[in-house]
Amino acid sequence: VGAKLEDYEVLGVIGTGTFGTCYKVKKKSSGHLYVWKAIKYGSMKEDKKQLLVSEVNLLSQLKHPNIVRYHDRIIHKESATLYIVMECCEGGDLSLIINKCKRTKCLVTEAFVWHVLYQTARALQACHWHHSATILHRDIKPANVFLDSSGNVKLGDFGLARVLESESGYAHTIVGTPYYMSPEVIKGSKYNRMSDIWSLGCLAYELCTSSPPFTGSNIKELARKILDGRYDRIPDYYSDDLNSFINLLLNTDQEKRPPVEDITHHPSLVSQLATNS
Ligand code: ADP
Ligand code: MG
């Protein structure tokens, strides 16, 4: 027998994102806290629903310390809603940190940026080279990178982007500006592992700068800037080492970006982790 809605007590809404609403919930039998994401599938076509089911199955196999842990799923037929129950990340997401930096004109420490880079890359490594399929994240952005209560980085919302994006493709483009879209995707190439690496570069850059490397008042202007590939250096407070590292990820030529296993083994990253541990 599968889990039921009644197995959980809803404690409150956390927030509504592009594809659904997240709630903090408590499992009655254990008292443990979780987050569930409610996704309405009523308007989806049959093939989309199948894709959603297979993506959620894949999600349930992703077990890694830097990936938001899937716990359970509940299908509520009456309301045509899928509830994905997952680990609750008490430390919030990186968009909160970036917004705070913006407001207070503070900078996050260099050590924190290396920490996020390393642990997010570890999460990507686990899915880019997953044994049953190549799993691409497709939506790396500050709001999908969480911190747990011990400060560990947890990447969330894996794979779902592919299903839900095409479902509400139009709404998606309008709601969120695709600041992290890679040059090759703009040029019409298939999203691939290197496109995730590009987004990781954008994420690290935005952590340092409180704004994405490429901005524009409309999609066309944004696309032009991304293809141009020029952006300001991260603040002088950050080392040349970190700056060059981010530049490596933000190479407009996808062939020249390092694959994720080169990132996690990169001498700069390894030596930073050694000094900060
Ligand atoms: P988005 O489209 O912005 O990624 P989501 O629907 O994924 O939005 O998330 C909505 C809100 O719930 C966000 O504020 C996000 O930080 C929060 N949230 C999502 N998943 C979790 C989680 N596992 N733990 C804690 N907060 C979460
Ligand atoms: Mg999300």
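Refer to the structure presented above.
This section reports on the structure supplied with the text.

Reading the values: rules and limits
- Residues numbered from 1 in each chain as written.
- Chains lettered and ligands numbered in written order.
- Predicted model: local features only at pLDDT ≥ 70, side-chain atom pairs only at ≥ 80, totals over all residues.
- Heavy atoms only, no water.
- Helix = DSSP H or I, 4+ residues; strand = E, 2+ residues; numbered from the N terminus.
- Buried < 20%, exposed > 50% of the residue type's maximum accessible area, 1.4 Å probe, protein only.
- Contact = heavy atoms within 4.5 Å.
- Areas by Shrake-Rupley, 256 points an atom, 1.4 Å probe, with all protein chains shown as cover.
- Near = heavy atom within 4 Å.
- Polar contact = N/O pair within 3.5 Å; in protein donor to acceptor, adjacent residues only side chain to side chain.
- Nonpolar A, V, L, I, M, F, W, Y, C, P; charged D, E, K, R; others polar.
- Donors = N, O, S within 2.8 Å, 3.2 Å for Na, K, Ca; no water.
- Pairing = 2+ DSSP bridges.
- Axes fitted to C-alpha atoms, helices over the stretch in contact; angles between N-to-C directions.
- Expected span 1.5 Å × (residues − 1).
- Core = buried A, V, L, I, M, F, W, Y, C linked by side-chain atoms within 4.5 Å.

**A look at the overall build of the chain**
Thinking step 1. Looking only at helices and strands, the chain has 11 helices and seven strands in total.
Thinking step 2. Principal axes of the C-alpha set define a box for the chain whose edges measure 55 × 40 × 40 Å.
Thinking step 3. Put simply, the chain has 277 residues, and 45% of those count as buried.
Thinking step 4. Here the contacts in the chain between residues at least 6 apart in sequence split such that 63% fall between residues at least 24 apart.
Thinking step 5. For the chain, the accessible area works out to roughly 13,800 Å², and carbon and sulfur atoms hold 52% of it.

**Observations regarding the site of ligand 1**
Thinking step 1. Close to ligand 1 lie 19 residues, the nearest being Lys 37, Glu 87, Cys 89, Asp 93 and Asn 144.
Thinking step 2. One nitrogen or oxygen atom from the main chain of Glu 87 is found 2.8 Å from a nitrogen atom belonging to ligand 1.
Thinking step 3. Interatomic distance of 2.9 Å between a side-chain N/O atom of Asn 144 and an oxygen atom of ligand 1.
Thinking step 4. Calculation on ligand 1 without its partners gives an accessible area of 550 Å², and the protein chains cover 87% of this total.
Thinking step 5. Tallied by class, residues from the shell around ligand 1 come to nine nonpolar, five polar and five charged.

**A look at the coordination of the magnesium ion (ligand 2)**
Thinking step 1. Ligation of the magnesium ion (ligand 2) by protein atoms is provided by Asn 144 (OD1) and Asp 157 (OD), these donors lying 2.0 to 2.1 Å from the ion. Of the two residues, Asn 144 is situated in the loop between helix H3 (110-128) and strand S6 (145-147) and Asp 157 in the loop between strand S7 (153-155) and helix H4 (160-167); the sequence distance between them amounts to 13 residues.
Thinking step 2. On the basis of relative accessibility, which here comes to 3%, the residue Asn 144 falls in the buried class.

**Description of the side chain of Glu 184**
Thinking step 1. Considering the arrangement of structural elements, one finds Glu 184 in helix H6 (residues 183-186).
Thinking step 2. Residue classification places Glu 184 among the buried residues on the basis of a relative accessible area of 4%.
Thinking step 3. A polar side-chain atom of Glu 184 sits 3.0 Å from a polar atom in the side chain of Ser 195.
Thinking step 4. Within polar-contact distance, the side chain of Glu 184 engages the side chain of Arg 257 at 2.9 Å.
Thinking step 5. Those residues in contact with Glu 184 that lie beyond four places of it in its chain are Ser 189, Asn 192, Met 194, Ser 195, Thr 252, Gln 254 and Arg 257.

**Some thoughts on the pairing of strand S4 (residues 70-76)**
Thinking step 1. As defined by bridge partners, S4 adjoins strand S5 (residues 81-87) across six bridges and the pair is classed as antiparallel. What sits directly across from Ile 74, in S5, is Tyr 83.
Thinking step 2. Taken together, S4 and the strand that follows it, S5, pair antiparallel across an intervening segment of four residues, in which Ala 80 is found at a positive phi of about 50°.

**Description of the sheet that holds S5**
The strands making up a sheet are joined through hydrogen bonds of the backbone, oriented either antiparallel or parallel.
Thinking step 1. Spatially, five strands are ordered S1-S2-S3-S5-S4 in an open sheet, and the strand pairing comes out antiparallel. Edge positions in the sheet fall to strand S1 (8-16) and S4, since each of these pairs with one other strand and no more. Strand-to-strand twist across the sheet, computed as the mean angle between neighbouring axes with direction ignored, equals 25°.
Thinking step 2. Sheet topology note: the strand S2 (residues 21-27)/strand S3 (residues 33-40) ladder contains six bridges and is antiparallel. Note that in S3 the partner of Lys 24 across the bridge is Val 35.
Thinking step 3. Along the sheet, helix H1 (residues 46-61) makes contact with S4 and S5, crossing S4 at roughly 155°.

**Focus: helix H7 (residues 193-209)**
Along an α-helix, residues three or four positions apart point the same way, because every turn accommodates 3.6 residues.
Thinking step 1. Between its first and last C-alpha atoms H7 spans 25 Å; for 17 residues at 1.5 Å apiece the expected length is 24 Å, and the two agree.
Thinking step 2. A large share of H7 lies buried, amounting to 15 of its 17 residues.
Thinking step 3. Backbone geometry just downstream of H7 places Ser 210 in the positive-phi region, at approximately 65°.

**Digging into the nonpolar core**
Thinking step 1. Leu 117 and Leu 242 are the most contacted members of the largest nonpolar core, which has 58 residues in total.
Thinking step 2. By residue number, the principal contributor to this core is H7, which donates 10 residues.
Thinking step 3. Those residues in contact with Leu 242, other than ones at most four positions away along the chain, are Glu 110, Val 113, Trp 114, Leu 117, Cys 208 and Ile 234.
Thinking step 4. Ranked by size, the runner-up nonpolar core spans nine residues in total, among them Val 25, Ile 74, Tyr 83 and Val 85.

**Considering unusual backbone geometry**
Thinking step 1. Phi at Ala 80 takes a positive value of approximately 50°, unusual for a residue other than glycine.
Thinking step 2. Within the secondary structure, Ala 80 sits in the loop between S4 and S5.
Thinking step 3. Look at Ala 80 and you get buried, because its relative accessible area is 18%.
Thinking step 4. The phi dihedral of Ser 210 is positive, around 65°, even though this residue is not glycine.
Thinking step 5. Following the sequence through the fold, Ser 210 ends up in the loop between H7 and helix H8 (219-228).

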